[in-house]
Amino acid sequence: MDYFAQQLINGITLGSIYGLIAIGYTMVFGIIGMVNFAHGDVFMVSAFIALIALLILTSWLGIVSVALALFIVLVVAMLFTSLINWVIERVAYRPLRGSFRLAPLISAIGMSITLSNFVQVTQGPRNKSIPPLVQGEFILSNSNDFPVTLSYKQLIIWGITAILLLAFWYLVARTRLGRAQRACEQDQKMAALVGVDVDRTIAATFVIAAALAAVAGTMYLMYYGVVTFSDGFVPGVKAFTAAVLGGIGSLPGAVVGGLLIGLIETLWSAYFSIDYKDVAAFSVLAITLIFLPQGLLGRPDVEKV
Amino acid sequence: MARMRLAGANIRTELSEALRDAGLTALIAFGVFLPLVGFQTITDIRDVLILTSRWPLLFALVGSIAAARFIYVLALAPRLERGALRLPQRASATAANILRNWFIPFAVAFVVVYPLLVVIAVGFGGAVRWIDNFGIQILIYVMLGWGLNIVVGLAGLLDLGYVAFYAVGAYSYALLAKTFGLSFWILLPLAGTLASFWGILLGFPVLRLRGDYLAIVTLAFGEIIRLILINWVPVTNGYAGIGSIPRPTFFGIPFNADDNGFAAVFGLEFSPLYRVMFLYYVILALALVTCFFNVRLRRLPIGRAWEALREDEIACRSLGINTTNTKLTAFAMGAMFAGFAGSFFAARQGFISPESFTFLESATILSIVVLGGMGSQIGVAIAAVVMIGGTEIMRQLGFLKQIFGPTFDPTQYRMLIFGLAMVAIMRWRPRGLIATRAPSVFFKKRRDISVDLVAEGRG
């Protein structure tokens, strides 16, 4: 039981990271119906930006307060990743609206290859590891010689994810931009006719998606303390799985799906086989798409002529 | 950025406009490249991550981007708007005929005599490298590209896990040849059959999905197969891979230095060149068979159904085509050729490991098909020659190391270039560089008709 509780805590932490990335997939899919294949690599790039910002702060500027450093790193990573994703949308996706159906996907695959290899070329192929930033943990229970712990960094991840989700929900549900996004999701042409700037709204969607991915990237770096250029691929596919599982296009679905995938992966590793944990996640993706393509919370997708 | 220009617009405003545009571009490029190009993380001797800055590189990059933008806005964009520099959108009928009538026979003749030419040019010793690295390596990718072309180019199904079938073919050959001692020529069709069986098995549940979902699920399947190859150690030997795989023989005569070897039987002096040449002709024959199938299949009802499916799935279904079966045959056919190529790959290398079957490999094959023009045979072949041959040439370019320092590895840039090229192709010539996506079967007159062409304004 204690073992299970511990896995639950680990799973929710991992699931928070997946959920944050999954929102990016689901938002972009919702608004332009495109699987943003490069999103996982945007996440990886953000982890690298966070790494560099952290090194500048700690070793060059000598900031010792971890809380302050983490906050600045988070903001810097969000800003730069948003800018990069804005440029990507501008260069690689916007000109393809109205091209044939698979064109944006192929372009996104090209972008994904470009991003990971760009990082490989500029930062080198080796693992980048940093000393642990946040140490310490709460011991929740210590029966049967198995301590159930909740580390501070897990708590930070939960807290930041919760705060950001609230802020994000407010943005989509209550603001002018959120209204424009929902309008574009329903009917771009009609939205344009009633004065919504469709291009700007789509660009804003990419910026928000990147900002959330950057939060996930910073958390990932803090949690695991290691990042490499190929780290975007597998988390990206898993986050996409989360988005599909929750119902692609549905925002609460992305969060629920992220948590589920995090839990499935952790529990699978804990009880069955750690070697096949990625197989488990990929199988969930295939099974969901085949048997439940609309996901848990999504609308059924009707193909129109 | 398109701007309306009045006749006789003042050159000075144009100049300042271009300057402002270039300045803005420089600012954005600076922001984009500041973290990753401006700084480098290096692990030092004590295994601690340290940071160094690279300001000269960053400013050179930003400067050249701004300069390119300046020239584009000032000089190229107005001319492009007037249509002066527009690339010819369609090769004219005579050009196409010349291509078909002269280039293709010439190309085929060239690849047939290529090994002999190499031997004449560089002699017996140096020829192995040229035939192996360039000839065989390129032809494997040409064959894979043509195989994937059936799935992506003809049937319009984006398959991101194509390398899985390549792996199935390679492992089928390796395992069966080592366990049962069967010969290459028996296992070649068997490996193809097994791969196409896997294609059906994986395709059956997923082919009802829409295009982009299908792509992701094939990606997932490709990864699952690779992970199984890594983790199923008793059978596949995991990361370590399978070594000493039996090499193909010349109708039972092995290529070795023994008394019953190829050289001894034909009274020649032993040289590894004979095996390489033999392998070259095997893969050439396999590739040509793939091409022949590809061309002939298009004219069969099934090929027409594939092309119709690519253009409009709903219309197909309403005309009574069983879309699932049609997609399944394309999938299985593509997988079969990947299986052939895979078993050849295993026989040629003598060693296989899951490293050879990563997503990157799928992406390479896909980019060959995309860049060559989905559906075009000759385009795919040229793309494979340029991309794979280009990589090999980059590997040979020693002088670049002298310019950029000893740590410079030009092959690192290979995938970066592939990725950028994929984006660029989708943006400017979505039908490929040498695209022919004209219907194979036509009524009275061959005309380009398809949904995406209508969108491009040519319908």
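Residues numbered from 1 in each chain as written. Chains lettered and ligands numbered in written order. Predicted model: local features only at pLDDT ≥ 70, side-chain atom pairs only at ≥ 80, totals over all residues.

Got a minute to help me understand the overall build of chain A in this structure?
When helices and strands are counted, chain A shows 11 helices and 4 strands. For chain A, whose C-alpha radius of gyration is 19 Å, the value lies close to the compact-globule estimate of 19 Å for 305 residues. Summarising its shape, the C-alpha atoms of chain A cover approximately 65 × 50 × 40 Å along the three principal directions. Out of the 305 residues in chain A, the part that is buried amounts to 52%. (Helix = DSSP H or I, 4+ residues; strand = E, 2+ residues; numbered from the N terminus. Rg over C-alpha atoms; globule rule 2.2 N^0.38 Å. Buried ≥ 20, exposed ≤ 12 C-beta atoms within 10 Å, placed from the backbone.)

Please clarify how helix α13 (residues 359-372) of chain B should be interpreted in this entry.
An α-helical turn contains 3.6 residues, so a residue and the one three or four places further along point in the same direction. Under the 1.5 Å per step criterion, the end-to-end length of α13 of chain B is 20 Å for 14 residues, consistent within 8% with the ideal 20 Å. Looking one or two residues beyond α13 of chain B, the residue adopting positive phi is G373 of chain B, at roughly 105 degrees. (Expected span 1.5 Å × (residues − 1).)

Hey, could you run me through the packing of helix α2 (residues 39-60) of chain A against helix α9 (residues 233-246) of chain A in this one?
To characterise two packed helices, one gives the angle between the axes of the helices and the distance between these axes. All names here are of chain A. In contact at an axis separation of 8 Å, α2 and α9 are set at 130 degrees when each is read in the N-to-C sense. Relative to α9, the element α2 is oriented oblique. α9 is crossed by α2, and the crossing has right-handed handedness. Seen from α2, the contacting residues are H39, G40, D41 and F43; seen from α9, they are F233, P235, G236, V237 and A239. The residue makeup of the contact of α2 with α9, split by class, is 5 nonpolar, 3 polar and 1 charged. (Axes fitted to C-alpha atoms, helices over the stretch in contact; angles between N-to-C directions. Parallel < 35°, antiparallel > 145°, perpendicular 65-115°, else oblique. Left-handed = near helix turned anticlockwise from the far one by under 90°. Contact = placed C-beta atoms within 7 Å. Nonpolar A, V, L, I, M, F, W, Y, C, P; charged D, E, K, R; others polar.)

Honestly, the interface of chain A and chain B in this entry has me stumped. Any pointers?
Size of an interface, as often reported, equals the accessible area lost when the parts are brought together. Facing 57 residues of chain A, the contacting portion of chain B comprises 50 residues. When residues of the side of chain A that touches chain B are traced back to their parent elements, those giving at least two are α2, α3 (66-93), α4 (103-123), β1 (128-129), α9 and α11 (277-291) of chain A. At 16 residues, α4 of chain A tops the list of elements feeding residues into the side of chain A that touches chain B. Looking at the side of chain A that touches chain B residue by residue, the classes come out as 39 nonpolar, 12 polar and 6 charged.

Would you take a moment to explain helix α1 (residues 11-38) of chain B for this structure?
The largest bend along α1 of chain B measures about 40 degrees and falls at V32 of chain B, with the proline P35 of chain B one to four residues further on. Three or more residues of α1 of chain B are buried, namely A22, A29, P35, L36 and V37 of chain B. (Bend = angle between axes of the 7 residues up to and from the residue.)

What's the story with the environment of R427 of chain B in this structure? I'm lost.
Looking at where R427 of chain B falls in the secondary structure, it is placed in helix α16 (residues 412-428). For R427 of chain B, a count of 18 C-beta atoms within 10 Å translates into the label partly exposed. Look past the residues within four positions of R427 of chain B in its chain and what remains in contact with it is P95 and L96 of chain A.

Would you explain the packing of α3 of chain A against helix α8 (residues 198-224) of chain A in this entry?
Residue and element names in this part refer to chain A. Where α3 meets α8, the closest approach of the two axes is 7 Å, and the angle between their N-to-C directions is 140 degrees. In terms of orientation, α3 lies oblique with respect to α8. Where α3 crosses over α8, the handedness of that crossing is right-handed. Here α3 contributes L70, V73, L74, A77, M78, T81, S82, I84, N85, W86 and E89 to the contact with α8, which in turn contributes A203, F206, V207, A209, A210, A211, A213, A214, V215, G217, T218 and M222.

Looking at this structure, how should I read unusual backbone geometry?
Trans is the common state for peptide bonds, and a negative phi is the common state for residues other than glycine. Residue and element names in this part refer to chain B. Residues other than glycine seldom take positive phi values, yet N237 does so here, at roughly 65 degrees. Positionally, N237 belongs in the loop between α7 (233-236) and α8 (262-265). The phi dihedral of S244 falls on the positive side, at around 40 degrees, and the residue is not glycine. Secondary-structure assignment places S244 in the loop between α7 and α8. Owing to 9 C-beta atoms within 10 Å, S244 belongs among the exposed residues under this scheme.

Looking at this structure, how should I read the environment of I208 of chain A?
By the secondary structure assignment, I208 of chain A is in helix α8. I208 of chain A sits 180 residues away from V28 of chain A along the chain, and the two C-alpha atoms are 9.8 Å apart.

It is not clear to me how the confidence of the model for chain B should be interpreted in this structure. Could you clarify?
Residue and element names in this part refer to chain B. Mean pLDDT over chain B stands at 81; residues scoring 70 or higher make up 84%. Helix α4 (residues 162-180) holds the highest mean pLDDT among the elements of chain B, 93, whereas helix α17 (residues 451-455) holds the lowest, 44. Predicted confidence is poor over residues 84-91, with pLDDT under 50, and the contacts of this stretch with residues over four places away or in other chains come to 6 contacts. Note on residues 449-459: pLDDT is under 50 here. Beyond four places in sequence and across chains, it has 18 contacts. With a pTM of 0.86, the predicted complex shows an ipTM of 0.87. (pLDDT = per-residue confidence, 0-100.)

Hey, could you run me through the nonpolar core in this one?
For soluble globular proteins, the rule of thumb is that nonpolar side chains tend to be buried together. All names here are of chain B. Core analysis: the biggest nonpolar cluster contains 215 residues, and M143 and I283 have the highest contact counts within it. Per-element tally for this core: the top contributor is helix α3 (residues 93-154), with 18 residues. Mapping this core onto the domain boundaries places at least three of its residues in each of domain 1 (11-82) and domain 2 (96-455). If we ignore the near neighbours within four places in the chain, the residues touching M143 are I283, L286, A287, T290, F337 and A341. If you look at the next biggest cluster of nonpolar residues, it comprises 5 residues, including A22, A29, A66 and V73. (Core = buried A, V, L, I, M, F, W, Y, C linked by C-beta atoms within 7 Å. Domains from an automatic or database assignment.)

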